[in-house]
Amino acid sequence: MNYLFGDSGHGKVIFDICLATRFPIDAFIDRSPKHPTYLGVPCLQESDVTIKATDQLLFSIGDNLIRKNLSEKYTTQFFTAIHPAAIVGSSVQIGSGTAVMAN
C-alpha cells in the first residue's frame, strides 16, 4: 500500500504530484481526517491503520517538527515524489521521503 500521511493542503499538493507522475496512492492517513475521501482516495484515521514493513509512506504535512516526530515513529519504506515540472540540478541527490514541488 502507498500512503500519504496528512490530508490537508500540503497533502493535496503532494497528491497532485503523485497524480502527475502516475504514482498510485491507496489512502491518506491523518490523526484527524478532514474528509472521508479526497478525489476518490480514502482518508483514514491514523489509529485505524497498521502500516506494514512493505508499505510505502510519504509525510505530506507542512510542519517540520511533526514530520520529524512521525519519521521517528514509523519505520517503513518511504517513497519520493518529484513533480515533472521540478527543476533539479544534474548533480543533486534526492533521498527517499522527499517531495519536490513544481518549478
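Provided above is the structure to which this section pertains.
This text gives an overview of the structure that appears in the document. (Residues numbered from 1 in each chain as written. Predicted model: local features only at pLDDT ≥ 70, side-chain atom pairs only at ≥ 80, totals over all residues. Heavy atoms only, no water.)

For arginine 22, which is not a glycine, the phi torsion comes out positive at approximately 60°. When its relative accessible area of 76% is taken as the criterion, arginine 22 is described as exposed. Positive phi, close to 50°, is recorded for leucine 39, a residue that is not glycine. By the secondary structure assignment, leucine 39 is in the loop between strand S3 (37–38) and strand S4 (41–45). A relative accessible area of 62% means that leucine 39 is categorised as exposed. (Buried < 20%, exposed > 50% of the residue type's maximum accessible area, 1.4 Å probe, protein only. Helix = DSSP H or I, 4+ residues; strand = E, 2+ residues; numbered from the N terminus.)

On to the pairing of strand S2 (residues 27–30). In S2, alternate side chains face the same way, and those of Ala27 and Ile29 on one face and Phe28 and Asp30 on the other are all buried. By the bridge criterion, three bridges tie strand S1 (residues 2–5) to S2 in an arrangement that is parallel. Note on S2: the bridge partner recorded for phenylalanine 5 is isoleucine 29. The handedness of the S1 to S2 crossover, carried by helix H1 (residues 9–20), is right-handed. Note: S2 against S4, three bridges, orientation parallel. Following the sheet pairing, isoleucine 29 is matched in S4 by leucine 44. (Pairing = 2+ DSSP bridges. Right-handed = clockwise from strand over helix to strand, strands pointing away.)

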